[in-house]
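# Notes for the structure review
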Amino acid sequence: QCIVAAVRRYFALCVCHYYDDYNVCEPAYSARHAQWVLRRVHEIIGFKLDVGKHVKATLASPFLGVITDLAQLHRGMVHVRVKPDRSVKLLALIHEIITANRLPKGACASLIGKLFFFCTSCFNKVGRAALESLESHRSSGNPTVTPPVLASLLFCAALLTYSKPRTIYVYRRMRHVLRVWTDAM
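Residues numbered from 1 in each chain as written. Predicted model: local features only at pLDDT ≥ 70, side-chain atom pairs only at ≥ 80, totals over all residues. Heavy atoms only, no water.

## Looking at the packing of helix α5 (residues 128-140) against helix α6 (residues 147-162)
Contact geometry of α5 with α6 gives a least axis separation of 8 Å together with a crossing angle of 135°. As summarised for this structure, α5 and α6 are arranged oblique, according to the angle between their axes. In this structure, the crossing between α5 and α6 has a hand that is left-handed. Along its contact with α5, which presents Ala130, Leu131, Ser133, Leu134 and His137, the element α6 presents Pro148, Val149, Ser152, Leu153, Phe155 and Cys156. The class makeup of the residues in the contact of α5 with α6 is 8 nonpolar, 3 polar and no charged. (Axes fitted to C-alpha atoms, helices over the stretch in contact; angles between N-to-C directions. Helix = DSSP H or I, 4+ residues; strand = E, 2+ residues; numbered from the N terminus. Parallel < 35°, antiparallel > 145°, perpendicular 65-115°, else oblique. Left-handed = near helix turned anticlockwise from the far one by under 90°. Contact = heavy atoms within 4.5 Å. Nonpolar A, V, L, I, M, F, W, Y, C, P; charged D, E, K, R; others polar.)

If you want it as structure tokens, here you go:
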């Protein structure tokens, strides 16, 4: 958190992180320099980033199994989708859990992390409710898959299987307006 805050403030980098993974989202003319600055700041304070995890800046950048595609940014659109191999791995993991009817605490925590990033990146907040039963399951310590956990796993599998890439409209005027009136008091 501290490093991200520092490079944002002192170097005006557009960067985010998830634990020890970083994503630099800069224009093409400054992306490579921004990655260099982030790496150099780590070196200066004594932390070396794993060179094997470095991904060269591109318009369609993968980050934790999710691709953020900026190719249409000039038209005011950003497309976000799950990497196909990530989707296949998550579906296989879900299938394995359902088949074994077991989801131990550690495996559950790992699955929650993977599904949370996928759900929030690709679908905004859709899917977060399904993760609540997984969180309760993790806290309980019971390794047996319960009906609510099974429902959550099937929901996430359906999201992975049938969902389309998310389009984020950058300019407000391009967004569709939804107005909801209620008589709630």
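## With respect to the packing of helix α4 (residues 105-123) against α6
Describing two packed helices takes the angle between their axes plus the distance from one axis to the other. One way to put it is that α4 packs onto α6 with a least axis distance of 12 Å and a crossing angle of 45°. By the criterion of interaxial angle, the relationship of α4 to α6 is oblique. Crossing geometry of α4 relative to α6 is assigned as left-handed. Here α4 contributes Leu111, Leu115, Phe118, Cys119 and Phe123 to the contact with α6, which in turn contributes Leu153, Cys156, Leu159 and Leu160. Of the residues that constitute the contact of α4 with α6, the class distribution is 9 nonpolar, no polar and no charged.

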